[in-house]
Amino acid sequence: MFNGYHFYFYPSTDVSRINQIRSRIVAKQGATITSEINAQTSHILVRPQSVNQKFYDNVLNPALKINKNITVLDSDWVSESVAGRKIMNTDGYVVTANQHVQDEIAHPVEKSGCNDNDLETVKKRRSTSYIDECNKKSKQLSEDIEFKYREASEYDDDVDRKNSQFHQTDETSEQGDLYETLSIPTSELNSVVNALEQSIADKSRNGHSNYSKTLNGLYDIVVKAKHEALRERRRSVDLKLSPENARNISYLTRASQTKWLQAVKERSDTIKLFMSVYGIGEYTANKFFSKGYRSLQDIFPFVDDNGRVSITHHSDFVERISREEVEEHFTQVKSAAAELDKDIQLYCMGSYRRGCRDCGDIDIIFTMNQGTIMKIKSKFEILLEKMFKEKLAVYTFTKGSGKWLGATQVNSKWRRMDILLVPWQELGAATLYYTGSGEFNRMMRSRAIKMNMKLNQTGLFTATKGEEPHLLESFNESKIFTILGLPWIEPSKR
Ligand code: TTP
Ligand code: MG
C-alpha cells in the first residue's frame with residue numbers, strides 16, 4: 001500500500017511506542033522508514049500533541065531546507081489508511097503552521113513551546129469538546145467492539161434493528177448535534193466500567209491510539225455518570241451519547257454482562273474446587289483466587305498435609321461412590337470390628353441410609369451395646385489401628401474426641417470415611433442426626449425450638465425459659481418423632 005512512500009515519524013520510533021508500532025505496520029505495507037530526514041523523505045508523520053516549537057526548530061525547519069515539498073501529516077492518517085485498507089485522502093490530516101507560528105519562526109520569541117492554538121490541523125477536532133471528539137471517532141470503534149464481542153454477545157432482532165437505526169443516524173452524529181439517550185441500570189455501570197478499562201488496556205497494548213482516545217472519552221462519561229448515580233442513589237442513569245457511542249455502550253453492556261457472568265462462573269467454580277480440598281474454607285479459597293491461583297496444582301505448594309493428600313487423591317474423593325462400593329467399605333470395617341468385640345455395633349448412615357443411589361462419602365456410627373463413651377473410644381482406637389494394619393484405613397484427616405475423619409481404600413480407590421463415636425444411650429438422636437439430610441435436620445431442629453425444645457445429635461431436651469433443660473429422649477429415634485408430634489418418617493423421605 002505504501003510502496004514509494006518515505007516516512008519519518010515524530011516523535012521518533014525510539015521514544016514513541018505508538019509510532020514504533022505504526023512504523024512496523026506501514027513498513028510491512030511497503031513504506032520506507034528512516035530514522036532521520038533525508039532528501040527522499042516524502043512525509044513527516046507527527047502526533048499533533050508533539051507539534052511544538054521544538055518540532056519546528058529541530059525537525060520541520062531543517063526538513064524544509066532539505067525538501068521544501070515535504071508533507072507533514074497527523075500520524076493518525078497512516079493508522080486510518082491501514083484500518084481502511086486504502087490510502088486516505090490527506091485532507092484533514094495536513095499539519096500546517098499558522099501565521100502566528102510562521103511569524104514566530106521568522107522572529108522567535110522567548111517561549112519554549114507553543115500551545116495547540118499555535119497550529120491548526122485542518123481537522124476541526126481542536127474546536128470540538130472532548131466528548132464530541134470521542135463521539136466522532138466512534139464508528140471504527142463500534143466495528144471493533146462489535147467484532148471483538150460478537151461471539152460473546154447474544155444477538156436478537158431487536159438489537160440488530162436498533163443498531164441499524166444507529167447507522168442511519170451516523171451523518172447527523174458526525175455533526176455532533178444529535179444525541180441518543182441511553183438508560184443503563186446503575187447496577188450495571190460497574191461492569192461497563194470494567195469492560196471499558198479492559199478495552200482501554202487492550203487497545204493501548206495494541207497501539208490503537210484513536211480507539212483509546214474514544215474509549216477514554218467513553219470511560220470518562222460512564223465513570224462520571226456512575227458517581228452521580230451513586231451519589232444521588234439513582235437506580236438508572238441516562239447517558240447522552242452519539243448514536244455510535246450509544247451503540248458501543250450497548251455492546252459493552254451486553255458483552256460485559258456475558259463476560260461478567262463468565263467471570264462469576266469461573267470464580268465460583270474455582271472457589272468450589274478449592275473448597276473441595278480438605279481444610280480449605282471459603283476464606284482461604286477466595287484468598288487463593290485473588291492471588292491468581294486457578295488450579296489444584298497452583299495451590300498445592302501452599303496447603304498442609306491434609307490438603308496435599310486431598311489434592312493427590314482428588315479425583316477419587318470427588319467421585320460419587322456407588323451404594324455397592326459403600327457396602328464394600330462398610331463390610332470391611334464391620335469384619336475388622338467383629339474380630340475385636342461382639343458388642344461393637346456399626347451403622348451406615350448419611351445418604352446411604354436415605355437410600356441414595358450414590359454417596360459422597362461413607363458415614364458410619366460406631367457404638368457398643370451398653371457402652372459408655374470412654375469404653376467406645378478405647379475400643380475404636382484398637383479398631384482403627386487394625387484398619388491401618390490391614391491397609392483398609394489409609395489416612396487420618398482429623399481425629400476429634402468423638403469422631404474419626406479419614407480415608408479408606410478398597411480396590412485401589414481412596415474414599416472419604418467419617419466415623420462417629422456414639423454412646424449407646426444417644427444412639428437414636430445420633431442416628432437421626434447422621435441420617436440427615438442436612439435440610440431435614442434443620443427442619444426438625446426448628447420444629448423443636450417452636451415447641452420449646454432443643455434437638456441435637458445427643459438428644460431431645462426441654463428448653464423452657466428459666467428452667468434447667470432435661471432430657472426427653474436420646475436412645476429411641478422413633479420416639480423423638482413422636483414427641484415432636486410427627487409420624488415416623490422413612491429415611492428415604494428425609
Ligand atoms: P454428609 O456425609 O456431609 O452428607 P450426606 O451423607 O447426606 O451426603 P453425601 O452423599 O454428600 O455424603 O453428612 C452426613 C449427615 O450429617 C448429613 O446427612 C446430615 C448431617 N450433617 C448435618 O446435619 N449438618 C452438616 O453440616 C453436615 C456436614 C452433616
Ligand atoms: Mg455422607
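Residues numbered from 1 in each chain as written. Chains lettered and ligands numbered in written order. Predicted model: local features only at pLDDT ≥ 70, side-chain atom pairs only at ≥ 80, totals over all residues. Heavy atoms only, no water.

The name given to the chain in an unreviewed UniProt entry is DNA polymerase, with the source organism recorded as Starmerella bacillaris. Under the UniProt heading Subcellular location (unreviewed entry), the note attached to the chain is "Nucleus". (UniProt positions renumbered as here; feature names shortened; annotations may be inferred.)

*Asks:* With reference to specific residues and values, describe the overall build of the chain.
*Replies:* When its secondary structure is counted, the chain shows 21 helices and 18 strands. Burial status across the chain gives 45% buried among its 494 residues. Sequence separation of at least 24 residues holds for 63% of the intrachain contacts in the chain that already meet a minimum separation of 6. As displayed, the chain has an accessible area near 26,400 Å², and 50% of this comes from carbon and sulfur atoms. (Helix = DSSP H or I, 4+ residues; strand = E, 2+ residues; numbered from the N terminus. Buried < 20%, exposed > 50% of the residue type's maximum accessible area, 1.4 Å probe, protein only. Contact = heavy atoms within 4.5 Å. Areas by Shrake-Rupley, 256 points an atom, 1.4 Å probe, with all protein chains shown as cover.)

*Asks:* How would you summarise the coordination of the magnesium ion (ligand 2) if you had to cite specific residues and measurements?
*Replies:* The magnesium ion (ligand 2) binds to the protein through Asp361 (OD) and Asp363 (OD), with metal-donor distances spanning 2.0 to 2.1 Å. Comparing Asp361 with Asp363 shows no difference in burial state: the two are buried. (Donors = N, O, S within 2.8 Å, 3.2 Å for Na, K, Ca; no water.)

*Asks:* Now, about the side chain of Ser23: what can you tell me, with residues and values included?
*Replies:* Its place among the elements puts Ser23 in helix H1 (residues 17-28). For Ser23, a relative accessible area of 9% corresponds to the buried category. Within the structure, the side chain of Ser23 is placed 2.8 Å from the backbone oxygen of Gln20, a separation counted as a polar contact. (Polar contact = N/O pair within 3.5 Å; in protein donor to acceptor, adjacent residues only side chain to side chain.)

*Asks:* So what's going on with the nonpolar core? Residues and values would help.
*Replies:* Counting residues in each nonpolar core, the largest one holds 27 residues, and the members touching the most others are Phe366, Met387 and Ile419. Broken down by secondary-structure element, the contributors of at least two residues to this core are helix H16 (323-338), strand S10 (344-348), strand S12 (362-368), helix H18 (373-389), strand S14 (403-410) and strand S15 (413-421). Residues contacting Phe366, with those up to four places away along its chain left out, are Ile344, Gln345, Leu346, Ile376, Lys379, Phe380, Leu383, Ile419, Leu420, Leu421 and Val422. Among the nonpolar cores identified, the runner-up in size contains 21 residues, and Ile184, Val192, Ala225 and Leu239 belong to it. (Core = buried A, V, L, I, M, F, W, Y, C linked by side-chain atoms within 4.5 Å.)

*Asks:* Before we move on, could you go through the site of ligand 1 and cite the residues and values that matter?
*Replies:* Taken together, 15 residues are adjacent to ligand 1, and Ser351, Arg354, Gly360, Asp361 and Asn441 come closest. Here an oxygen atom of ligand 1 sits 3.2 Å away from a polar atom, N or O, in the side chain of Arg320. A distance of 2.8 Å is found between an oxygen atom of ligand 1 and a backbone nitrogen or oxygen belonging to Gly360. Protein burial of ligand 1: of its 550 Å² of free accessible surface, 63% is covered by the chains. Elements with a contribution of two residues or more to the shell around ligand 1: helix H17 (350-353), helix H19 (427-435) and helix H20 (438-450). (Near = heavy atom within 4 Å.)

*Asks:* For the pairing of strand S16 (residues 453-456), give the residues involved together with the corresponding values.
*Replies:* Going residue by residue along S16, you find Met453 and Leu455 tucked away on one face and Lys454 and Asn456 left uncovered on the opposite face. As judged from the four bridges shared by S16 and strand S17 (residues 459-462), these two strands associate in the antiparallel manner. Paired with Met453 across the two strands is Thr462, which belongs to S17. Turn length for the S16-S17 hairpin, with the two strands adjacent in sequence and antiparallel, is two residues. (Pairing = 2+ DSSP bridges.)

*Asks:* Give me empty space enclosed by the protein: which residues, what numbers.
*Replies:* Enumeration over the complete set of coordinates arrives at two cavities of 30 Å³ or more. Of the volumes computed, that of the second largest cavity is approximately 50 Å³. Every residue lining the second largest cavity is listed: Ala429, Leu432, Tyr433, Asn441, Met444, Arg445, Leu455 and Asn456. When residues of the lining of the second largest cavity are traced back to their parent elements, those giving at least two are H19, H20 and S16. (1 Å grid on protein atoms, 1.4 Å probe; cavity = no way out; pocket = protein on both sides within 12 Å on 5 of 7 lines; lining within 4 Å. Points joined across faces, edges and corners; volume = space filled by probe spheres on them.)

*Asks:* Please give an account of the sheet that holds S16 that cites residues and values.
*Replies:* Judged by pairing direction, the sheet is antiparallel, and its three strands sit side by side in the order S16-S17-S18 without closing on themselves. In this open sheet, the two strands that pair with only one neighbour each are S16 and strand S18 (471-473). Geometrically, the sheet is characterised by an average inter-axis angle of 30° between neighbouring strands, direction not taken into account. Each of S16 and S17 touches H20; the most contacted strand, S16, lies at about 160° to it. (Axes fitted to C-alpha atoms, helices over the stretch in contact; angles between N-to-C directions.)

*Asks:* I'd like a rundown of H18, residues and numbers included.
*Replies:* Between its first and last C-alpha, H18 extends 24 Å over 17 residues, near the 24 Å set by a 1.5 Å rise per residue. Taken together, the buried positions of H18 are occupied by Ile376, Lys379, Phe380, Leu383, Leu384, Lys386 and Met387. Projection of H18 onto a plane perpendicular to its axis shows the buried side chains occupying an angular sector of 160°, all on one side. Exposed residues on H18 whose side chains face more than 90 degrees from its buried face are Met374, Glu385 and Lys389. On the buried face of H18, the contacting elements are H16, S10, S12, strand S13 (393-399), S14 and S15. (Expected span 1.5 Å × (residues − 1). Arc of directions from axis to C-beta.)

*Asks:* Tell me what's going on with the pattern of salt bridges, and back it up with residues and numbers.
*Replies:* Considering all chains together, one arrives at 18 salt bridges under this definition. Between Glu319 and Lys413 there is a salt bridge whose closest N-O contact spans 3.1 Å. Here Glu319 is found in the loop between helix H15 (314-318) and strand S9 (321-322), whereas its partner Lys413 is found in strand S15, with 94 residues between them in sequence. Lys379 is the salt-bridge partner of Asp341, the closest N and O atoms lying 3.1 Å from each other. (Salt bridge = Lys/Arg side-chain N within 4 Å of Asp/Glu carboxyl O.)

*Asks:* For the sheet that holds strand S3 (residues 43-46), give the residues involved together with the corresponding values.
*Replies:* Spatially, the four strands line up as an open sheet ordered S2-S1-S3-S4, and their pairing is parallel. Unpaired on one side and paired on the other, strand S2 (32-33) and strand S4 (71-74) mark the two borders of the sheet. The sheet contact formed by S3 and S4 spans four bridges and is parallel. Bridging from a neighbouring strand, His43 pairs with Thr71 of S4.

*Asks:* Now, about the environment of Trp414: what can you tell me, with residues and values included?
*Replies:* Its place among the elements puts Trp414 in strand S15. The spatial distance from the C-alpha of Trp414 to the C-alpha of Ala393 is 9.2 Å, given a sequence separation of 21 residues. Apart from the residues within four sequence positions on either side, Trp414 is in contact with Val309, His313, Asp316, Phe317, Val394, Tyr395, Ala407, Thr408 and Gln409.

*Asks:* Please provide a residue-by-residue account of unusual backbone geometry, values included.
*Replies:* The omega torsion of the bond from Tyr10 to Pro11 falls at -5°, within 30 degrees of zero and hence cis. Cis rather than trans, the peptide bond between Gly436 and Ser437 has omega equal to -5°. Looking at the secondary structure, you find Ser437 in the loop between H19 and H20. For Asn411, which is not glycine, the phi torsion reads 50° and is therefore positive. The topology assignment puts Asn411 in the loop between S14 and S15.

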